[in-house]
Amino acid sequence: MIVDSFDLLPRLMYKEVSKIPPNHLRIRVGVANRLLANHVSYVSGAKDFWMHVFHAGLCRLDSTIVDIGCGCGRYTHHLRDYRFGLERFSGKYIGIDIDEEMLNWCRRNFDSERFSFYRSNNGSKAYKAVEKPDAQYVLPLANESADFVFSTSLFTHLLEKELVNYMRESYRVLKQDCCMAMFCFSMDHPPPTFGDRHTFGFRMGNAHVESLSVPEAAVAYEEKFLLEMAGEAGFRAAEMLVGGAEDWQPMLLCRK
């Protein structure tokens, strides 16, 4: 693809970008307006997230971590490449996505000893994925086997049925006292683009959607609904972590 040609020179010049996915995959998971120069954001974009997660004790280097909506590994590579003295990530990482091309890239570029990738059967008009009729996705993990379940932009593309399914599945696979962290679009704390790029002007049940023709393109929920659904799924504690005015997505943090 033409957009991938912009990777040629940076790959030759900088070893840090030699292992990143092709540009057409990076664009697919979101690069704002950096269509041709998003290499640095892929390499460093998740570092603050992981610093918070480890500082807050949500997981350890030997944890079993589930990333729902892993895309082409923009959060995963930090775990793969972590080195400090003899320390490295020694746990298990399970990535879930609906995009088979991105999953196949990850399977080729992350070692199978620590990293595994699975396709969800959920559908999405936005990502041209066809759902199996009446399918409820079951995470490929045993009950109470995961230390941390997260997603950085999954709930922003889920209608109510799928959101409840993933919330219940996250609860099922988590060990006691472990956490689920899901970023979302909130009607109570809308993104800085609200009123311009985003209006969430249509309703589909409890979901506020940007487009009725492609509803999964952008979905927001009221925080009261999200907290209630977390309680119904079984979580004993749930809260919304809200950043500054420029933050796009608050984080729903739930503890089992």
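What counts as what
Residues numbered from 1 in each chain as written. Predicted model: local features only at pLDDT ≥ 70, side-chain atom pairs only at ≥ 80, totals over all residues. Heavy atoms only, no water. Helix = DSSP H or I, 4+ residues; strand = E, 2+ residues; numbered from the N terminus. Pairing = 2+ DSSP bridges. Contact = heavy atoms within 4.5 Å. Patch = residues over 30% accessible without salt bridge, like charges linked within 9 Å, V, L, I, M, F, W, Y side chains within 5 Å. Areas by Shrake-Rupley, 256 points an atom, 1.4 Å probe, with all protein chains shown as cover. Salt bridge = Lys/Arg side-chain N within 4 Å of Asp/Glu carboxyl O. Buried < 20%, exposed > 50% of the residue type's maximum accessible area, 1.4 Å probe, protein only. Expected span 1.5 Å × (residues − 1). Axes fitted to C-alpha atoms, helices over the stretch in contact; angles between N-to-C directions.

S.K.: Sorry if this is basic, but what is going on with unusual backbone geometry here?
M.R.: Peptide bonds are mostly trans, and most non-glycine residues show a negative phi. With phi around 50°, Glu144 is a residue other than glycine that occupies positive phi space. Within the element layout of this structure, Glu144 appears in the loop between β3 (115–119) and β4 (146–151). Of note, the phi angle at Asp177 is positive, near 70°, even though the residue is not glycine. Positionally, Asp177 belongs in strand β5 (residues 174–183).

S.K.: So what exactly am I meant to see when it comes to the sheet that holds strand β9 (residues 219–221) here?
M.R.: Each strand in a sheet pairs with its neighbour through backbone hydrogen bonds, running either in the same direction (parallel) or in the opposite one (antiparallel). Ordered in space as β6-β9-β8-β7, the 4 strands form an open sheet in which the pairing is mixed. Bordering the open sheet on either side are β6 (185–186) and β7 (202–204), each of which pairs with just one other strand. Sheet analysis places β6 next to β9, joined by 2 bridges and oriented parallel. Residue pairing in the sheet places Ser186 in a bridge with Tyr221 of β9.

S.K.: Can you help me understand the side chain of Lys256 in this one?
M.R.: Here Lys256 lies in the segment after β11 (251–255). Excluding residues within four positions of it along the chain, Lys256 makes contact with Glu144, Tyr171, Arg172, Leu174, Lys175, Gln176, Asp177, Cys178, Phe235 and Arg236.

S.K.: Just checking my understanding: could you explain the environment of Val66 for this structure?
M.R.: Along the chain, the position of Val66 falls in strand β1 (residues 64–68). For the pair Val66 and Ala146, spaced 80 residues apart in the sequence, the C-alpha separation amounts to 7.1 Å.

S.K.: What should I look at first to understand a nonpolar patch on the surface in this one?
M.R.: Judged by side-chain polarity, Phe202, Met204 and Leu212 come together as a nonpolar surface patch covering roughly 260 Å² of accessible area. For Phe202, the location among the structural elements is in strand β7. With a relative accessible area of 38%, Phe202 lands in the partly exposed category.

S.K.: How do you make sense of the pattern of salt bridges when you look at a structure like this?
M.R.: For side chains bearing opposite charge, pairing can occur when the charged atoms are close. According to the stated counting rule, one finds 13 salt bridges in the structure shown. Across the pair Asp81 and Lys19 runs a salt bridge whose closest N-O atoms are separated by 3.3 Å. Here the residue Asp81 occupies a position in helix α5 (residues 76–81), and Lys19 occupies one in the loop between α1 (8–13) and α2 (23–29), the gap between them amounting to 62 residues. Close ionic contact of Arg114 with Asp111 constitutes a salt bridge, the shortest N to O distance being 2.8 Å. Since its relative accessible area comes to 6%, Arg114 is described here as buried. By relative accessible area, Asp111 is classed as partly exposed at 29%. Through salt bridges that share partners, Lys19, Arg80 and Asp81 make up one connected network.

S.K.: Explanation requested: helix α7 (residues 160–173) in the structure shown.
M.R.: Note: α-helices contain 3.6 residues per turn, so residues at a spacing of three or four share the same orientation. Between its first and last C-alpha, α7 extends 20 Å over 14 residues, near the 20 Å set by a 1.5 Å rise per residue. Regarding α7, the residues found buried are Glu162, Leu163, Val164, Asn165, Tyr166, Met167, Glu169, Ser170 and Val173. For α7, the elements touching its buried residues are β1, β4, β5, β9, α8 (223–233) and β11.

S.K.: Can you help me understand the sheet that holds β1 in this one?
M.R.: Here 7 strands make up an open sheet; going across it, the order is β3-β2-β1-β4-β5-β11-β10 and the pairing mixed. Each edge of the open sheet is held by one strand with a lone partner, namely β3 and β10 (237–241). Neighbour-to-neighbour, the strand axes of the sheet open up by a mean angle of 15°, direction not taken into account. Bridge analysis of β10 against β11 gives 5 bridges, and the strand direction is antiparallel. Bridged to Glu239 within β11 is Leu253. Packing of helix α4 (residues 47–55) onto the sheet brings it into contact with β1, β4, β5 and β11, and relative to β4 it is tilted by some 145°. In this fold α8 packs onto β10 and β11, with an angle of close to 150° to the strand it touches most, β10.

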